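Each chain, written out:
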Amino acid sequence: IIHRIFWALMILGGITACGNTSTDWFRDTDLDTRNDPPPYTRYEPTLLENYMQQFAQDAADYGLDLVDNISRLRVVKYGVVSTEENPRYVGMCYTWTRHDGSLAYGDIVVQEPARYDLQFKALMYHELAHCVMLLDHDRQEDRTIMSPVIHPLKYYEKCWDELVEQLFTSRTIQCEIDD
């Protein structure tokens, strides 16, 4: 019975303490913790932080202030993200949200690329948009940064500015290449 009273008091205390705002401390019970990230292999803070800064600047160019949510990213690291069920994954965003749906914190894990080109930048923007803007995937055929596949390098080279504009404004783009 003491055990039940203890848990009843803990639950009552938790209910009365659930007035979190963006500046309040959050408790693990307020978070969605179903998607824990895998172990990481390596962290390259300077390189990956450059992508975060570019993302924040591009967002600001379109009137979006994402600095607060970017500061909620705990880690952006290289790691293994593919699984038996999804062997072709190259990036993952793991978010923990507060009870009101706002971002508490997030982790991004990406497979280390062979080259640092616009395809990798698109992957980073894609994962940052998941974690920072809480965006879902677009349809694959939409050929946006938020589509669930990485497109050919020449597509990003030709359409990058329009893709970034679409990401931050939701405008439809009309950029095409010959496949």
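Cut-offs applied
Residues numbered from 1 in each chain as written. Predicted model: local features only at pLDDT ≥ 70, side-chain atom pairs only at ≥ 80, totals over all residues. Heavy atoms only, no water. Phe/Tyr/Trp six-rings, centres within 6.5 Å; stacked < 30°, edge-to-face > 60°. Buried < 20%, exposed > 50% of the residue type's maximum accessible area, 1.4 Å probe, protein only. Lys NZ or Arg CZ within 6 Å of the ring centre and 35° of its normal. Axes fitted to C-alpha atoms, helices over the stretch in contact; angles between N-to-C directions. Helix = DSSP H or I, 4+ residues; strand = E, 2+ residues; numbered from the N terminus. Parallel < 35°, antiparallel > 145°, perpendicular 65-115°, else oblique. Left-handed = near helix turned anticlockwise from the far one by under 90°. Contact = heavy atoms within 4.5 Å. Nonpolar A, V, L, I, M, F, W, Y, C, P; charged D, E, K, R; others polar.

**Considering the packing of aromatic side chains**
Here is step 1: In total, this model carries nine aromatic pairs according to the counting rule given.
Here is step 2: Consider the rings of W96 and Y105, whose centres lie 5.0 Å apart with planes at 25°: the pair is stacked.
Here is step 3: Residue classification places W96 among the buried positions, given a relative accessible area of 2%.
Here is step 4: Classification of Y105 as buried rests on a relative accessible area of 12%.
Here is step 5: Members of the aromatic cluster, each reached through a chain of ring pairs, are F55, Y62, Y125, Y155, Y156, W160 and F168.
Here is step 6: The aromatic ring of Y155 is capped on one face by R143, whose charged end is 4.9 Å from the ring centroid.

**Here's the deal with the packing of helix α4 (residues 118-133) against helix α5 (residues 153-169)**
Here is step 1: One can describe the packing of α4 onto α5 by two numbers: an axis separation of 10 Å at closest approach and a directional angle of 20°. When the interaxial angle is binned, α4 and α5 end up roughly parallel. For the crossing formed where α4 meets α5, the hand is left-handed. Residues L118, Q119, K121, A122, Y125, A129 and M133 of α4 form the contact with α5, whose own contacting residues are L153, Y156, E157, W160, V164, L167 and F168.
Here is step 2: In the contact of α4 with α5, the residues fall into 11 nonpolar, one polar and two charged.

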